[in-house]
Amino acid sequence: MKNIRKSIVVCGMAALMLAGQGCKDVLDENIISGVGNDYLNTAKGFEDGVKAAYSSLRFYYATQQGLTLTEYGTDIYATGADGGYKGFHFYDGQLNPTVDYLATTWDELYKGINTCNAVIERAPNVVGVADNVKKLRVAEAKFLRGHYYYLLHQQYGGVDLRLTETVLPTKETKRATDAEMYAAIIKDLSDAVNDLEAKAQSSDYGRATKPHAQALLAKVYLAKGYSTEKAADDFTKAADLLKEVSTKYGYKLLDDFSAVFDENNQNHAEVVFAVQYTTDALTNGTGNSLHLYFGMQYDVQPGMKRDVYWGRPFKRLRPTEYLLNTVFADRVNDSRYKKTFRDTWLSNNPGTYNAASFDDSKTKVTFAAGDTAIFIPGYEMTKEVRATKKYQVLVPSKYSEALFPTLQKFFDSKRPDMTYEPGSRDYYVVRLADVYLMLAEALLQTGDKAGAAEAINMVRYRAGWPGKKDKMLIDAKDLTMETIIEERARELAGEQTRWVDLKRWGLLVERVKKYNPQASAIQSHHVVRPIPQTQIDRSAKTSDGKSVFPQNTGY
């Protein structure tokens with residue numbers, strides 16, 4: 001089957017998009033394509049425009065930019081030894097309106113929005129495309145536009161709500177209210193739900209279908225249900241949508257949690273919506289780079305050297321004590337600690353060495369190729385027991401910003417060499433386990449604890465070790481919001497959900513202060529990011545010289 005995101009065509013839309021809010025300087029328009037603007041009005045141009053509208057998803061998902069905005073500075077992840085953008089971890093003066101990730105994310109999402117606007121607005125006049133196909137493509141564009149505005153709203157609060165094509169440079173901007181943002185996003189996604197194909201995946205794999213829009217719309221209703229714009233039926237609407245997604249389209253949880261992230265089986269029954277990458281360097285862009293950011297510094301340890309299989313460890317994120325010791329406390333019944341974190345490294349650099357400084361139980365170690373070189377038991381193994389092991393043992397008291405249990409969900413052994421950064425793995429924006437956990441949350445908020453327990457137990461039962469699965473089940477009377485908060489951390493660690501989850505629940509500041517000492521500077525205004533200074537500067541000025549586009553409070 002044709003893969004929509006592996007054949008994205010950036011056509012005459014490039015010049016059009018640069019004329020919108022995505023440019024670095026809206027008054028300095030540079031034409032970068034020889035393809036005329038009218039190309040979008042042709043049948044092929046229209047189809048290419050829809051494909052181009054998907055491309056901004058690749059900027060946010062499975063990249064360091066998106067990861068920085070979603071996992072840094074939460075209750076479950078703290079900073080590793082390397083990398084920049086640590087203001088997103090620390091909530092200090094480094095997090096300010098001039099940070100380039102804020103501007104590039106803003107610009108890229110608006111490029112996607114303006115492409116969607118052009119597709120939606122021009123569709124009626126395109127000749128040579130059947131009406132039913134036009135309807136479907138417009139529905140895809142509305143799904144994507146709603147998606148991009150949801151991401152912008154969660155990160156920045158109210159933004160400039162543009163629902164028509166921007167074809168000329170303009171300084172006329174204004175910030176929408178939360179009510180206006182929710183209304184526009186919900187309308188787009190509701191229209192998409194009505195008009196997209198009602199099946200698990202499109203035959204043209206990668207295009208949005210009805211359950212994709214339903215899952216995202218449910219997530220929007222969940223966010224709205226906790227907000228100042230909440231309505232009495234937000235959680236009920238979310239639950240109804242999620243029930244359909246989980247029952248009507250044939251999605252199934254895989255039997256084994258670790259199989260979800262098998263790089264050799266990426267298009268499986270648990271995937272609801274994915275952003276796709278490829279081994280083709282010409283179409284992959286920066287690729288899925290999440291394999292880089294969660295790894296510990298194994299490659300300078302005795303018996304080890306860097307290679308493709310063990311990965312290139314950028315050490316951007318390390319798990320907090322809360323994640324390791326509370327969220328993953330149960331390792332007897334629950335398989336997810338073992339299957340989430342890499343705890344064993346096999347020697348690829350055989351020889352005799354002085355033992356690593358983190359293991360003081362031995363002075364020399366000798367490894368043949370394939371011998372265990374490093375083991376992380378996850379508990380404080382005594383020095384006497386460690387001394388009996390031929391390998392080096394990293395215990396919790398020796399964890400550091402460079403040495404820690406390593407998230408293994410995203411490792412990519414398909415890269416051509418050990419320095420190659422663009423990965424080819426698809427990124428799961430929504431998978432069925434997430435749907436069940438959102439359903440449990442929505443039902444709990446409606447008072448249906450029995451239904452919520454049934455939903456969360458689908459995820460927990462799958463996660464149990466063989467013979468221990470029944471012990472994973474939770475009684476409805478014992479289910480609380482804290483159960484769901486911890487379950488989402490256990491199931492979705494590292495999957496670009498945590499910051500937005502904490503924000504949605506109104507718990508970002510409280511939980512980060514409680515569980516992440518690095519981020520003790522967090523304050524109430526940090527529930528939104530700074531508006532990029534570029535956006536403020538390029539907006540019109542009031543009579544007293546101030547930008548008509550105000551900065552978020554506190555920045």
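The shown structure was predicted, so the numbers you read here are calculated from the model rather than taken from an experiment.

*Asks:* In this structure, what is going on with the pairing of strand β11 (residues 427–431)? I would like to understand it.
*Replies:* Side-chain positions along a regular strand alternate between the two faces of the sheet. Among the five residues in β11, five count as buried, and that is most of the element. Relative to β11, strand β2 (residues 271–275) is paired through four bridges, and the arrangement is antiparallel. Its bridge partner lying in β11, Phe273 is registered against Val430.

*Asks:* Can you walk me through the sheet that holds strand β8 (residues 372–375) in this structure?
*Replies:* Backbone hydrogen bonds are what pair the strands of a sheet, in a parallel or an antiparallel way. Strand order across the open sheet formed by three strands is β5-β8-β9, with mixed pairing between neighbours. Unpaired on one side and paired on the other, β5 (344–346) and β9 (392–393) mark the two borders of the sheet. Note that β5 and β8 share three bridges and pair antiparallel. Bridge assignment links Thr344 to a residue of β8, and that residue is Phe375.

*Asks:* What is the right way to read the confidence of the model for the protein chain from this model?
*Replies:* Detailed reading of predicted coordinates is not advised where the pLDDT is low. Taken residue by residue, the protein chain gives an average pLDDT of 93. The fraction at 70 or more is 94%. Under a pLDDT of 50 for its full length, residues 5–33 has, in the predicted model, 82 contacts with residues more than four places off or in other chains.

*Asks:* What am I meant to see in the nonpolar core here?
*Replies:* In globular proteins that are soluble, nonpolar side chains generally tend to be buried together. Residues Phe143 and Leu152 are the most contacted members of the largest nonpolar core, which totals 129 residues. The biggest single contributor to this core is helix α7 (residues 131–156), with 12 residues. For Leu152, the contacting residues outside a window of four places in its chain are Trp106, Leu109, Tyr110, Ile113, Gly157 and Val159. With 17 residues, the next largest nonpolar core counts Met304, Ile374, Ile376 and Phe404 among its residues.

*Asks:* I tried to follow the pattern of salt bridges on my own but got confused; where do I start?
*Replies:* Applying the stated criterion to the full structure yields 47 salt bridges. One salt bridge in this structure joins Asp191 and Lys142, with 3.0 Å as the shortest N-O distance. A residue pair is termed long-range when its members are at least 10 positions apart, and Asp191 in helix α8 (residues 178–195) and Lys142 in helix α7 qualify at 49 residues. By relative accessible area, which is 17% here, Lys142 ends up buried. Across the salt bridge formed by Glu487 and Arg336, the nearest N and O atoms sit 2.6 Å from each other. Residue Glu487 is located in helix α17 (residues 481–492), and its partner Arg336 is located in helix α13 (residues 336–340); the two are separated by 151 residues in the primary sequence. The exposure classification of Glu487 matches that of Arg336, with both residues buried. By sharing partners, the salt bridges in this structure join Glu270, Asp334, Arg336, Lys409, Arg431, Arg460, Arg462, Glu487, Arg490, Glu491 and Glu495 into a single network.

*Asks:* I'm lost on α8 in this one. Help?
*Replies:* What sets the pattern is the α-helix's 3.6 residues per turn: residues three or four places apart point alike. Look at α8: 26 Å from first C-alpha to last across 18 residues, which is about the 26 Å you get at 1.5 Å a residue. Taken together, the buried positions of α8 are Met181, Tyr182, Ala184, Ile185, Ile186, Asp188, Leu189, Asp191, Ala192 and Val193. Contacts from the buried residues of α8 go to α7 and α9 (210–226).

*Asks:* I would appreciate a short explanation of the packing of aromatic side chains in the present structure.
*Replies:* The geometry of two aromatic rings is summed up by the distance between their centres and the angle between their planes. Going through the model one piece at a time under the given rule, you end up with 22 aromatic pairs. Both rings, one in Tyr85 and one in Tyr101, keep their centres 3.7 Å apart while their planes meet at 10 degrees; by these two values the pair is stacked. Residue Tyr85 is located in the loop between β1 (77–79) and α5 (87–90), and its partner Tyr101 is located in helix α6 (residues 100–122); the two are separated by 16 residues in the primary sequence. Relative to Phe410, the ring of Phe261 has its centre 6.5 Å away and its plane inclined at 80 degrees; by these criteria the two rings are edge-to-face. Residue Phe261 is found in the loop between α10 (234–247) and β2, and its partner Phe410 is found in the loop between β10 (406–407) and β11; the two are separated by 149 residues along the sequence. A relative accessible area of 9% means that Phe261 is categorised as buried. Assessed through its relative accessible area of 8%, Phe410 is described here as buried. Ring pairs connect the aromatic residues Tyr77, Phe257, Phe261, Phe294, Phe410 and Tyr428, which therefore count as one cluster. Between the NZ or CZ atom of Lys469 and the centre of the ring of Tyr461, over which it lies, the distance is 5.6 Å. Positioned over the ring face of Trp499 is Arg529, at 3.9 Å from the centre of the ring.

*Asks:* What am I meant to see in the packing of helix α2 (residues 43–53) against α7 here?
*Replies:* Two numbers describe a pair of packed helices, the interaxial angle and the distance between the axes. Where α2 contacts α7, the axes come no closer than 10 Å and their chain directions differ by 25 degrees. The angle between α2 and α7 places the two elements in the roughly parallel class. Helix-helix and strand crossings are classified by hand; for α2 and α7 the assignment is left-handed. The residues of α7 that touch α2, namely those facing Phe46, Glu47, Val50 and Ala53, are Val133, Lys134, Arg137, Glu140, Leu144 and Tyr148.

*Asks:* Help me understand the side chain of Asp434, please; the structure alone is not making it clear to me.
*Replies:* Within the element layout of this structure, Asp434 appears in helix α15 (residues 432–446). With residues up to four places along the chain from it excluded, the contact list for Asp434 reads Lys219, Val429, Arg488 and Leu492.

*Asks:* Honestly, unusual backbone geometry in this entry has me stumped. Any pointers?
*Replies:* Excluding glycine, a negative phi dihedral is what most residues carry, and trans is how most peptide bonds are arranged. In the Ramachandran plot, Tyr85 falls in the positive-phi region, its phi being about 60 degrees despite a non-glycine side chain. If you check the backbone angles, Tyr91 has positive phi at about 55 degrees while not being a glycine. Examined against the element boundaries, Tyr91 turns out to sit in the loop between α5 and α6.

Cut-offs applied
- Residues numbered from 1 in each chain as written.
- Predicted model: local features only at pLDDT ≥ 70, side-chain atom pairs only at ≥ 80, totals over all residues.
- Heavy atoms only, no water.
- Buried < 20%, exposed > 50% of the residue type's maximum accessible area, 1.4 Å probe, protein only.
- Helix = DSSP H or I, 4+ residues; strand = E, 2+ residues; numbered from the N terminus.
- Pairing = 2+ DSSP bridges.
- pLDDT = per-residue confidence, 0-100.
- Contact = heavy atoms within 4.5 Å.
- Core = buried A, V, L, I, M, F, W, Y, C linked by side-chain atoms within 4.5 Å.
- Salt bridge = Lys/Arg side-chain N within 4 Å of Asp/Glu carboxyl O.
- Expected span 1.5 Å × (residues − 1).
- Phe/Tyr/Trp six-rings, centres within 6.5 Å; stacked < 30°, edge-to-face > 60°.
- Lys NZ or Arg CZ within 6 Å of the ring centre and 35° of its normal.
- Axes fitted to C-alpha atoms, helices over the stretch in contact; angles between N-to-C directions.
- Parallel < 35°, antiparallel > 145°, perpendicular 65-115°, else oblique.
- Left-handed = near helix turned anticlockwise from the far one by under 90°.

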